[in-house]
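Observations on the three-dimensional arrangement
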Amino acid sequence: MTRVLVLNCGSSSVRYKLFDGADVRAKGLIQRIGEDGGDAGDHLSALRDLMDRLDLSDLAAVGHRVVHGGDRFTSSTVITDEVVAAVEELIPLAPLHNPGALTGIRVARKLLPDVPQVAVFDTAFHSTIPPEGLLWAVDHELAERWGLRRYGFHGTSHSYVSRETARILGKPPAETNVITLHLGNGASAAAVRGGRCEATSMGMTPLSGLVMGTRSGDIDPSLVFYLHRVAGLALDEIEESLTRHGGLAGLTGVNDMREVLRRRAEGDGQAALAFEIYVRRLKEYTGAYLALLGRVDAITFTAGVGENSPDVRAAALAGLSALGITVDEDRNRANALIISPDGAPVTVCVVPTEEELEIAHECRRALALTT
Ligand code: AMP
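Residue positions are given per chain, counting from 1 as you read along its sequence in written order. For a predicted model such as this one, the threshold for reporting local features is a pLDDT of at least 70, and the threshold for listing and counting side-chain atom pairs is 80 or more; totals across whole chains, interfaces and linings nevertheless cover every residue. Water and hydrogen atoms play no part in the side-chain values, which are based on all heavy atoms of the structure.

1. Thoughts on the side chain of Ser188
For helices the rule is a DSSP run of H or I covering at least 4 residues; for strands it is a run of E covering at least 2, with both sets numbered from the N terminus onward. Position of Ser188 among the secondary structure elements: in strand β8 (residues 187-193). Should any heavy atoms of two residues lie within 4.5 Å, those residues are considered in contact. Those residues in contact with Ser188, other than ones at most four positions away along the chain, are Phe153, His154, His158, Thr180, Leu181, His182, Ser201, Met202 and Leu210.

2. Focus on the packing of aromatic side chains
Two aromatic rings from Phe, Tyr or Trp, using only the six-membered ring of Trp, form a pair when their centres are within 6.5 Å; if the ring planes differ by under 30 degrees the pair is stacked, by over 60 it is edge-to-face, and anything between is tilted. Applying the stated rule across the entire model yields two aromatic pairs. Whether a charge sits over a ring comes down to the Lys NZ or Arg CZ being within 6 Å of the ring centre and within 35 degrees of the ring normal. Seen from the ring of Phe275, Arg264 lies directly overhead, with NZ or CZ sitting 3.7 Å from the centre.

3. Notes on the site of the ligand
Lining the immediate surroundings of the ligand are Gly184, Asn185, Asp256, Met257, Arg258, Leu261, Ala303, Gly304, Val305, Asn308 and Ser309. Contact between the ligand and Met257: an oxygen atom at 2.6 Å from a main-chain N or O atom of the residue. We define a polar contact as two N or O atoms separated by no more than 3.5 Å, with the added condition that, inside protein, one atom must be a possible hydrogen donor and the other a possible acceptor, whereas residues neighbouring each other in sequence contribute only through side-chain atom pairs. In this structure, Gly304 approaches the ligand through a main-chain N or O atom, which is 2.9 Å from an oxygen atom. Only the protein chains shown count as cover for residues, with accessible areas throughout obtained via the Shrake-Rupley method and a probe of 1.4 Å. Within the complex, the protein chains bury 69% of what would otherwise be the 500 Å² of accessible surface of the ligand. Among the secondary structure elements, those contributing two or more residues to the shell around the ligand are α10 (257-265) and α12 (303-308). One heavy atom within 4 Å of a molecule or strand is enough for the residue carrying it to be called near that molecule or strand.

4. Digging into the environment of Ala344
As for its placement among the helices and strands, Ala344 is situated in the loop between α14 (329-333) and β11 (347-350). On the basis of relative accessible area, Ala344 is assigned to the buried category, the value being 17%. In this structure, the C-alpha to C-alpha distance between Ala344 and Asp220, residues 124 residues apart in sequence, is 37 Å. To sort residues, take the accessible area from a 1.4 Å probe on protein chains only and compare it with the maximum for the residue type: under 20% means buried, over 50% means exposed, and anything in between is partly exposed.

5. What to know about the environment of Asp311
Within the secondary structure layout, Asp311 lies in helix α13 (residues 310-316). Of the residues examined, Asp311 reaches a relative accessible area of 27% and is grouped as partly exposed. Residues Asp311 and Pro221, spaced 90 residues apart in sequence, show a C-alpha to C-alpha distance of 30 Å.

6. Looking at the environment of Ala249
Looking at the secondary structure, you find Ala249 in helix α9 (residues 247-252). Residue classification places Ala249 among the buried residues on the basis of a relative accessible area of 18%. Beyond its immediate chain neighbours, meaning those up to four positions away, Ala249 contacts Gly213, Thr214, Arg244, Val254 and Asn255.

7. Re the UniProt feature "active site" (unreviewed entry) in the protein chain
UniProt positions are given in the numbering used here, feature names are shortened, and annotations may be inferred rather than shown by experiment. As recorded in UniProt, the sites labelled "active site" (unreviewed entry) are Asp122. Here Asp122 is to be found in the loop between β6 (117-121) and α4 (131-134). Overall, Asp122 belongs to the buried group, its relative accessible area being 1%. With residues up to four places along the chain from it excluded, the contact list for Asp122 reads Arg65, Val66, Val67, Gly152, Phe153, His154, Gly155 and Thr156.

As structure tokens, this is what we get:
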């Protein structure tokens, strides 16, 4: 019994990977579910067709990626009726993300009633952040009443790449301090001390922190009041603007870093400015996390931009040699696993993230499976 099926269900898509140990037996994406000309009419038919196609003999578990675990879930959890109800209660915190996962869980439990299912939360890895890193300086009665606090996201990725970084360094994770920079369409930074997360840049929702593809990252929150009162925008419009028309998309009209880099290389001033804003924010967080951790063994880049953009990596870490941080130009251009020079005080790594593999690993852990 070694196979694990990992499902990442969105409101109109299902991403799947079938693992046999660490080997991928099948993977794919079912898209535009419920839309005209889409791959399936609903999640039930999408998953039923998928399960007919896959060889699910010896299936030990189904792992579901769930974005928001709130403060209820601090580790991966075997799914019961109570867990389903709790994930449903968390919908107000993640209205765009949790409903898809919930549908996937309900359908998969119906189709595979005898296979244990595990919820793996994007927030869980951040549950070790101490209170002073979770809370903001706002009215504490309001904060308690409404559960205002940081949760953080991309936890499976930060967990996986920080552990991989320790492996690359040949050190036990418990003795390794890492700053992980997950730079995809969504982007977040984390400070990991001895395998435990101590800080992260996303907040109660995935809007805060780094500049992203379409999300603004950190802003002065007064922008919201000003846009509402002075510019006359409705709250929904402001939310839409900050989440879907912010970040690289807001600055340049395109959310894809490749296109921003192409325009910048052609001399487009706005693309060059967007790049500078993006890497400056990265440097600000990196500096803050260096100070927080005190001693840093490695800085690790991951996800689409982090794994593929030498320009972003070099610019984000430029001028930090006094702190023991340098990037070797040739290694960086080659997207090598280690891009700092030999013997550098801080190792700079590029580690491809493997969120589905980490979810499969978490399933085995939650079920105490040995294989
Ligand atoms: P992810 O969300 O991890 O799939 O990352 C997606 C983003 O990675 C895309 O929106 C691109 O902006 C970025 N990306 C992918 N390949 C490259 C590349 N070669 N150079 C720069 N950015 C890239």
